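# Close look at the chain arrangement
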Amino acid sequence: MNAETSREFRAWWLILPVVAVSAALIIVAALRVEADPSPTMVAVVGGIGLLAVVAVVATAVEARRLGHRFRHTIDELSRTETAVRQLLDDLPDAVMGLDASGEIATANQRAAELTGRSVDDLVGRAFLGMVGDTDRESVTERWRFDVSTEAEHTDGAGPVVFELIDSHSQPHLVEASLHRPSSSGEDVSTGVVVVLRDVTDRERSTVKLEQARRRFQQAFHSAPTGMALVRLDDSKIVDANQSLADMLARPLESMIGIGIREITHPDDLRAASTQRARLEIGIADTYLLDQRYLRSDGEFVWARTRVSVTEDEGVALAITHIEDVTEQRRAAEQLTYAATHDGLTELPNRAALVDRLDQLLAAALPGQVSVLFIDLDNFKVVNDSLGHGVGDQLLRQIASRLRHVTRDSDRLARFGGDEFVVFVDGGVDPAVVAERLRRAVQAPVVVDGHELVITASIGFAVNVEAGLTADDLLRDADAAMYRAKAAGRDRIEAFTVDTRSASVAALRTSTELRRGLERGEVVPYFQPIVDLDGGRVVGFEVLARWLHPERGLLLPGQFLPMAEDAGLMVELGGCVLRDSLAQLAHWRAVGLQFADCSLAVNVATQQLVDGDFLHVVREALGETGIDADSLWLEITETALMADTEAAAVSLRQLRSLGLHLSVDDFGTGYSSLTYLKRFPVEAIKVDRSFVSGLGLESDDTSIVEAVVRLGHSLGLSVVAEGVETPLQLNRLRDLGCDKAQGYLFGRPRPADITETERSDVDTAMEPITERVDV
């Protein structure tokens, strides 16, 4: 009841006494008139009666007005109660008002629905009677405490969850909170309000969630594969199982709190980071990849990692399954390796080479890719003479050498048999690469006690135009390689559009050379050899030239390889030897200045191993009358190392004739001190490739200096080839080199010009006496 309604009721109680007093005055006045009927008394009594009537009428009017207001107030209260009732019924929670005895005094519609009863049925029912038996005592104790403390606290100690039994005896889990109306002051006898919320589904979900959590934890920690829970915000491991700890050989407790990145291989972090970012921004909810994890011993294990996202108490977590696939990957890699590699040399095989080369050519610009085709010379001889076991070991050693001298970006493969292929990109000069490979093959190889010297013929081709395939380049490089073989082996040839026709030309040259030898078209040329101490010519190196009737003068490189390939070197070498000795005999006969000079004649490998070569030399010396002391035979390192035992025997036989032996092109082969001491040689000739950089390149200078010292320490004379500048000459003299030859002293000349030409030599020797500062 509000204040206005209270005032209206008090007004009504004031009117009633007025009416009573008025009635009493009238009765008293009537009795006075009856006792004293005088006019004055009658007038007084009449006045009193009038006043009483007026008072009654006024009182009646006021009472009517107050009655109207009272009815209006009642209507307002009714509407307010209806609105409050509607508001309570609209609440999502059940609300019950309890009186001091614990009986329900009022309830909303949600309470009726919750209990399965009507509101009228609930009113007057004991609330605790609907509480489940197992919870009734605890609820009673809890609320007794809450009600007793309401004077100090607005609300109870907090919500309590218990079972509420409905009219059908079905339990409902409810969360109840106890409240006391604020208008009741400290009077706890006025009752309380109970707010109930049906949490059956929530609690059931909570139970299920907890059960699922326990099942997850059980599965997590008993899983045979490694598992980890990783925070997405800082990548820290918040939980891990024993399987993961065993996989990484780490104590389980040591893994909690460390960053997953700390144990991931650095090369795998980028791929993982990309996938992880997709998870964090919601593009993906899971990913799968293989990556490596660090064990406590420093080794890495390969693992197939499956990652999905979950959330626990507001924290985003990555559920990480880590399955060890190290053995699987190793097996797969072994299968892939076997399919793409040669089992003998462990180099990529032909299939892998062609596939990789096609990929490279598809994206390369013209001129950027080169293919080098390498074929070992005379490898069949090794297989046939020493067996395939030795041949296999030789191939493995050659493969190792080739691998050692190729760059990381180059591709080396065994093409088959004794053939290897290298392809390079980036516009690298293939000729430089080929030379490096050729030199690598040349070093002596010891296999099962057999010392072998193998050379290689190399051809290369470049993608000069777009659209070329691997097969195209391999075909062209192969053709260039066969051209190198036809040119004498141990050579490098570049493919050109004329390569195939050049092969035909080489065959024709071989045929013409045979006729040329018969006609005496191959003649000796003479290049002076100068003593650096005395400054005079002490000998000549004999160099073959072919006076071709149609093509003119041909240099050795234009016909000697074909002669070697055609087996003509023995005949050609014999002709040059006889003709040069005959020329020297002529000079001596006419008393020219060169009469006391010696001759240095080159000997090919085929000549050295030829059983008749000793007879050819003896016969040439006898026919011309030249003493053996005037003859030097020059043998290349490659010829000496081809078969060291046979070479040593042959050289000792030749030396027994009284002639001299020297090692030509020293430094380009792989003879060692042991071989130099084994062979009866008396001089070594420094190759022109080292002399060219003398005084300019520190490496070349050091090499020449080392060769000079080496030769002198072994009691050998040292001759430098290819001397072309005064600087080179002065440096050689400073180093103590014994002899030299080269364009500075004179070019190779035919006999008639050599007889009359002295100016070149005289001019060249001036720096020796004048010590030109260069």
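Please refer to the structure placed before this passage.
Residues numbered from 1 in each chain as written. Predicted model: local features only at pLDDT ≥ 70, side-chain atom pairs only at ≥ 80, totals over all residues. Heavy atoms only, no water.

## Section: the environment of Ala364
Along the chain, Ala364 turns up in the loop between helix 11 (350–363) and strand 11 (369–376). With a relative accessible area of 22%, Ala364 lands in the partly exposed category. Taking the C-alpha atoms as reference, Ala364 lies 8.8 Å from Asn463; in sequence the two are 99 residues apart. Discounting residues that sit within four places of it in the chain, Ala364 has contacts with Val369 and Asn463. (Helix = DSSP H or I, 4+ residues; strand = E, 2+ residues; numbered from the N terminus. Buried < 20%, exposed > 50% of the residue type's maximum accessible area, 1.4 Å probe, protein only. Contact = heavy atoms within 4.5 Å.)

## Remarks on the pattern of salt bridges
Two side chains of opposite charge can pair, provided their charged atoms sit close to one another. Considering all chains together, one arrives at 34 salt bridges under this definition. The salt bridge involving Arg304 is made with Asp290; its shortest N-O contact spans 2.9 Å. Placement of Arg304 in strand 9 (residues 300–312) and of Asp290 in strand 8 (residues 286–294) is noted, with a sequence separation of 14 residues between them. With relative accessibility at 24%, the residue Arg304 sits in the partly exposed group. Of the residues examined, Asp290 reaches a relative accessible area of 25% and is grouped as partly exposed. Taken together, the shared-partner salt bridges in this structure form one network comprising Asp290, Arg304, Arg329 and Glu333. (Salt bridge = Lys/Arg side-chain N within 4 Å of Asp/Glu carboxyl O.)

## Digging into the packing of aromatic side chains
Within this structure, the stated rule accounts for five aromatic pairs. Ring centres of Phe526 and Phe540 lie 6.2 Å apart, and the angle between their planes is 85 degrees; on these two criteria the pair is classed as edge-to-face. Taken together, the residues span a long stretch of sequence, with Phe526 in strand 18 (residues 522–531) and Phe540 in strand 19 (residues 537–548) at a distance of 14 residues. One exposure class covers both Phe526 and Phe540, and it is buried. Each member of the aromatic cluster is reached from another via a ring pair, and the members are Phe526, Phe540 and Trp587. Sitting above the plane of the Trp302 ring, Arg329 keeps its charged end 3.6 Å from the centroid. Over the ring of Tyr743 we find Arg747; its NZ or CZ atom is 4.0 Å from the centre of that ring. (Phe/Tyr/Trp six-rings, centres within 6.5 Å; stacked < 30°, edge-to-face > 60°. Lys NZ or Arg CZ within 6 Å of the ring centre and 35° of its normal.)

## Focus: the sheet that holds strand 6 (residues 226–231)
Read across the sheet, five strands follow the order 7-6-10-9-8 without closing on themselves; strand pairing throughout is antiparallel. Only two strands of the sheet have a single neighbouring strand rather than two, namely strand 7 (237–240) and strand 8. Strand-to-strand twist across the sheet, computed as the mean angle between neighbouring axes with direction ignored, equals 30 degrees. Taken together, the three bridges between strand 6 and strand 7 define a ladder with antiparallel strand orientation. Pairing of Leu229 across the sheet is with Asp239, part of strand 7. Of the strands in this sheet, strand 6, strand 8 and strand 9 touch helix 9 (residues 266–280), which is tilted by about 150 degrees from strand 8. Each of strand 8, strand 9 and strand 10 (315–324) is contacted by helix 10 (residues 326–340), which is oriented at about 130 degrees to strand 9, the strand it contacts most. (Pairing = 2+ DSSP bridges. Axes fitted to C-alpha atoms, helices over the stretch in contact; angles between N-to-C directions.)

## Quick word on the sheet that holds strand 11
Taken in spatial order, the five strands of this open sheet run 12-13-11-16-17, and their pairing is mixed. Either end of the sheet is taken by a strand with one partner, and the two such strands are strand 12 (411–416) and strand 17 (492–494). Within the sheet, the average angular offset between the axes of one strand and its neighbour, ignoring direction, is 20 degrees. Pairing geometry for strand 12 and strand 13 (residues 419–425), over five bridges, is antiparallel. Across the sheet, residue Arg414 finds its bridge partner in strand 13, namely Phe420.

## A word on the pairing of strand 6
Of all six residues in strand 6, five are buried; the element is thus mostly enclosed. Sheet topology note: the strand 6/strand 10 ladder contains six bridges and is antiparallel. By the bridge assignment, Val230 is partnered in strand 10 with Ala318. Two successive antiparallel strands, strand 6 and strand 7, enclose a turn made up of five residues, where Ser235 displays a positive phi of approximately 65 degrees.

## Describing helix 20 (residues 613–624)
If you check helix 20, its first and last C-alpha atoms are 17 Å apart, about what twelve residues at 1.5 Å a residue would give, namely 16 Å. Every buried residue of helix 20 is accounted for by Phe613, Leu614, Val616, Val617, Ala620, Leu621 and Thr624. The arc enclosing the buried residues of helix 20, seen along the axis, measures out at 165 degrees, which places them on a common side. In helix 20, the exposed residues that point more than 90 degrees away from the buried face are Gly622 and Glu623. Contacts from the buried residues of helix 20 go to helix 18 (569–590), strand 21 (598–603), helix 19 (605–608), strand 22 (631–636) and helix 22 (644–655). Backbone geometry just after helix 20 places Gly625 at a positive phi near 80 degrees. (Expected span 1.5 Å × (residues − 1). Arc of directions from axis to C-beta.)

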